[in-house]
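# Descriptive analysis of the structure
Here is how the chains run, residue by residue.
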Amino acid sequence: MNAPVDDLEASRAPLLDHLIELRRRLFYSLATVFVAVIVTYVFSRDIFAILVQPLLKAGQTKIVTIGVFDGFFVQLKIALFAALMISFPVIANQLWGFVAPGLYRQEKRVLLPFLIATPVLFAMGASMAYFVAVPAALHFLLSFQGNLGGVHQEALTSVASYLDFIMQFLFGFGIAFLMPVVLMIVERAGLVTRKQLVAARRYAIVGCFALALVLAPPDAGSMIMLAVPLVLLYELALIAIWFSERGRKKAEMTDLVES
């Protein structure tokens, strides 16, 4: 009698078929981004009006354009930034559609929640940057203007530099908040264990502050605002891994009883 064929064996395909499938999914992803860029470029000034609100609340009512092409490139960068955010669900779905046939059923159940949690955690990090970290950083950085020996120092922020500033915050905080997903995937891959992560807690705390120093602009307040949530997210990842281990042990016990 023929041996039963599992999900992974049933999904095997020649290399050329995989390449064709990859090309098709890349085309859909790029086409989605391209269409989104066209739409978001039309609304790029409205999007920038939202991004500039922390600067306005910090008391800065004037922003300048220095380079001749700065206005155009800023709007294009905003459009691309917004298009990537809007297109992420489609890109993630295409990535999942390409990877899923090569996974066992149990691996699919493990990775799918991570895929769903990724945009949520990124949005949480970006929101914290927009509503908390950016206003605090602007309040600190703009405090250096004023009277200097009879000369009035005024902070005139350029459109391009401010956009780079706030995008660094949004991406930095958003990516940093993905740490629990990364740790759980690494643990599920068997590269580390929960005991090793617990034993390395003190080094992880130092690493969180070092990462915050790299991702956040160079002021102590911004670094602390990013480092503290990173430490809490590390602890949250340890708790989630503990629950995951319990679930795997229960599943193993159930399989043993059924067999």
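If you're wondering where the values come from, they're calculated on a predicted model, not measured in any experiment.

### A closer look at the overall build of the protein
Check the secondary structure of the protein and you find eleven helices and four strands. The burial tally for the protein puts 32% of its 259 residues in the buried class. Across the protein, every contact between residues at least 6 apart in sequence was considered, and the portion connecting residues at least 24 apart equals 84%. Looking at the protein as shown, the accessible area adds up to about 16300 Å², and 71% of this sits on carbon and sulfur atoms.

### Structural notes on the confidence of the model for the protein
On average, residues of the protein score 81 in pLDDT, and 88% of them are at 70 or above. Mean pLDDT values for the elements of the protein range from 50 in helix α1 (residues 7–10) up to 92 in helix α3 (residues 44–51).

### Focus: the packing of helix α5 (residues 70–99) against helix α7 (residues 159–176)
In contact at an axis separation of 10 Å, α5 and α7 are set at 20° when each is read in the N-to-C sense. Taken together, the axes of α5 and α7 lie roughly parallel to each other. The handedness of the crossing between α5 and α7 is left-handed. For the pair α5 and α7, the contacting residues are D70, V74, K77, I78, F81 and M85 in the first and V159, A160, L163, D164, M167, L170 and F171 in the second.

### Considerations on the packing of aromatic side chains
A complete count under the given rule lists eleven aromatic pairs for this structure. A ring pair is formed by F81 and F171, whose centres lie 5.2 Å apart and whose planes are at 80°; its orientation type is edge-to-face. Separated by 90 residues along the polypeptide, F81 in helix α5 and F171 in helix α7 bring together distant segments of the chain. We classify F171 as partly exposed; its relative accessible area is 26%. Grouping aromatic residues by their ring pairs yields a cluster made of F48, Y162, F165, F169 and F173.

### With respect to the nonpolar core
The biggest cluster of nonpolar side chains holds 48 residues, and the ones touching the most others in it are Y162, L163, F165, I166, F169 and L170. For this core, the secondary structure elements donating two or more residues are α3, α5, α6 (105–141), α7, α8 (179–188), α10 (201–215) and α11 (220–258). The residues touching L170, leaving out its near neighbours within four places in the chain, are L51, F81, F122, A126, A129 and Y130.

### Some remarks on α3
What α3 keeps buried is the set S44, F48 and L51. Angular distribution of buried residues about the axis of α3 spans 55°; they occupy a single face of the element.

### Quick look at the pattern of salt bridges
Counted under the stated rule, the structure contains four salt bridges. Among the ionic pairs, E21 bridges to R24, the shortest N-O distance being 2.8 Å. Highlighted residues: E21 and R24, both in helix α2 (residues 15–42), separated by three residues, approximately one helical turn. Taking relative accessible area as the criterion, E21 reaches 23% and is therefore assigned partly exposed. Between E21 and R25 there is a salt bridge, with its nearest N and O atoms 2.6 Å apart. Here E21 and its partner R25 are both found in helix α2, four residues apart, which amounts to about one turn of the helix. Each of the salt bridges in this network shares a partner with another, and the network as a whole consists of E21, R24 and R25.

Cut-offs and rules
Residues numbered from 1 in each chain as written. Predicted model: local features only at pLDDT ≥ 70, side-chain atom pairs only at ≥ 80, totals over all residues. Heavy atoms only, no water. Helix = DSSP H or I, 4+ residues; strand = E, 2+ residues; numbered from the N terminus. Buried < 20%, exposed > 50% of the residue type's maximum accessible area, 1.4 Å probe, protein only. Contact = heavy atoms within 4.5 Å. Areas by Shrake-Rupley, 256 points an atom, 1.4 Å probe, with all protein chains shown as cover. pLDDT = per-residue confidence, 0-100. Axes fitted to C-alpha atoms, helices over the stretch in contact; angles between N-to-C directions. Parallel < 35°, antiparallel > 145°, perpendicular 65-115°, else oblique. Left-handed = near helix turned anticlockwise from the far one by under 90°. Phe/Tyr/Trp six-rings, centres within 6.5 Å; stacked < 30°, edge-to-face > 60°. Core = buried A, V, L, I, M, F, W, Y, C linked by side-chain atoms within 4.5 Å. Arc of directions from axis to C-beta. Salt bridge = Lys/Arg side-chain N within 4 Å of Asp/Glu carboxyl O.

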